[in-house]
Amino acid sequence: MSTDGLPAGYGRVHLTQVDSTMTEAARRAADLSGPTWITAEVQTAGRGRRGRAWATPRENFAATLVLHPSEPPEQVALRSFVAALALYDACVAATGRAEAFSLKWPNDVLLNGGKLAGILLESLGQGAGVSHLAIGIGVNLAVTPPSDAVEARALPPVSLIGETGARVTPDEFFDLLAPAYAKYETQFTTYGFAPIREAWLARAARLGKVITARIGGDELTGTFETVDATGNLVLMTPTGRRAIPAADVFF
């Protein structure tokens, strides 16, 4: 760990208020020399996957980690699993309740079956590579979004304090998350995706159960068999095995 409590080699930019930590990451990325966390007490225009709004009141956690990866784009994208494992570990450390948490493909953390946290990856390319990667993380530590902000059929949002009674401040959560991410990032860059995939599957929600994947305007229902070596969701459907690179998943 560095002297300021961050993992060695990592920086942090903390803001009282910002439109979105993801947007701020894009503004700053070219000037950042190493991996840097951008955290904010309040987001006024936070967003989730596919441009959906993500509310972040002061008591909740909002952060984006900016990296300058060297791998091909398809490997860079696997860091969604790295971030999910780090989030899982931080949540367990905050509550001591490993059995209550699970990971939903492609990028959510569940608590008692409800959505606690989400992950968003955005990259900026240069030629065939990725010049920087932004990993956005939002966690409902204390407040859940209003019901009218939740997509139809989506899992109900939950908060850490509401489900476990654990009162954790955003700074306290960051102090758990940052070292957990650094640990899994080192594992990923040293050993590749295989151990990350194995650890993720051990924590996967609905593995071996029937789920539905929505791909654009189509839906595919089948048994969640695994996540393959490239991060695809693998379903066994009535017409055979299907590997799905991107989708919204419903239980």
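Our structure is the block above this text.
Digging into helix α6 (residues 193-202)
- Residues F193, I196, A199, W200 and L201 constitute the buried set of α6.
- The inward-facing, buried residues of α6 abut α3 (79-95), β4 (101-104), α5 (170-191) and β9 (218-227).

Some points on α3
- Helix length check: α3, at 17 residues, gives a terminal C-alpha distance of 24 Å against a target of 24 Å (1.5 Å per residue), a fit within 8%.
- For α3, the tally of buried residues reaches 15 of 17 residues, placing the bulk of the element in the interior.
- One or two steps after α3, the chain reaches G96, where phi turns positive at roughly 75°.

Considering the pairing of strand β8 (residues 210-215)
- Two strands pair when backbone bridges link them, and β8 and β9 are joined in this way by six bridges, in the antiparallel orientation. Looking at β9, one finds that I211 is bridged to G222.
- Hairpin connection from β8 to β9: two residues lie between these consecutive antiparallel strands, with G216 at a positive phi of about 65°.

Considering the nonpolar core
- Among the nonpolar cores identified, the biggest contains 64 residues, and W37, F101, F173, Y181 and W200 are the most heavily contacted of them.
- For this core, the leading source of residues is α3, giving eleven residues.
- For F101, the contacting residues outside a window of four places in its chain are Y88, C91, V92, T95, V109, L110, L111, L116 and L160.
- With twelve residues, the next largest nonpolar core counts V13, V18, L120 and A134 among its residues.

Some thoughts on the pattern of salt bridges
- A complete count under the given rule lists twelve salt bridges for this structure.
- E71 is the salt-bridge partner of R79, the closest N and O atoms lying 2.9 Å from each other. Both residues of the pair, R79 and E71, belong to the buried class.
- Notably, a salt bridge pairs D248 with R214, separated by 3.8 Å at the nearest N-O pair. Taken together, the positions of D248 in strand β12 (residues 248-250) and R214 in strand β8 put the pair 34 residues apart, joining distant regions of the chain. Per residue, the accessibility class of D248 equals that of R214, and both read buried.
- Salt bridges sharing partners connect three or more residues here, namely D19, E24, R27 and R28.

With respect to the environment of P238
- Inspection of the secondary structure assignment puts P238 in the loop between β10 (233-237) and β11 (240-244).
- When the C-alpha positions of P238 and A25 are compared, they lie 43 Å apart, and in sequence the two are 213 residues distant.

Some words on the sheet that holds β12
- Here we have five strands laid out as an open sheet, ordered β11-β10-β9-β8-β12, and antiparallel in their pairing. Strand pairing shows two members of the sheet lacking a second neighbour, β11 and β12, which therefore form its edges. Sheet twist, expressed as the mean angle between neighbouring strand axes with direction ignored, is 45°.
- Note that β9 and β10 share four bridges and pair antiparallel. Looking across to β10, one finds that V227 is bridged to L233.

Criteria and thresholds
- Residues numbered from 1 in each chain as written.
- Predicted model: local features only at pLDDT ≥ 70, side-chain atom pairs only at ≥ 80, totals over all residues.
- Heavy atoms only, no water.
- Buried < 20%, exposed > 50% of the residue type's maximum accessible area, 1.4 Å probe, protein only.
- Helix = DSSP H or I, 4+ residues; strand = E, 2+ residues; numbered from the N terminus.
- Contact = heavy atoms within 4.5 Å.
- Expected span 1.5 Å × (residues − 1).
- Pairing = 2+ DSSP bridges.
- Core = buried A, V, L, I, M, F, W, Y, C linked by side-chain atoms within 4.5 Å.
- Salt bridge = Lys/Arg side-chain N within 4 Å of Asp/Glu carboxyl O.
- Axes fitted to C-alpha atoms, helices over the stretch in contact; angles between N-to-C directions.

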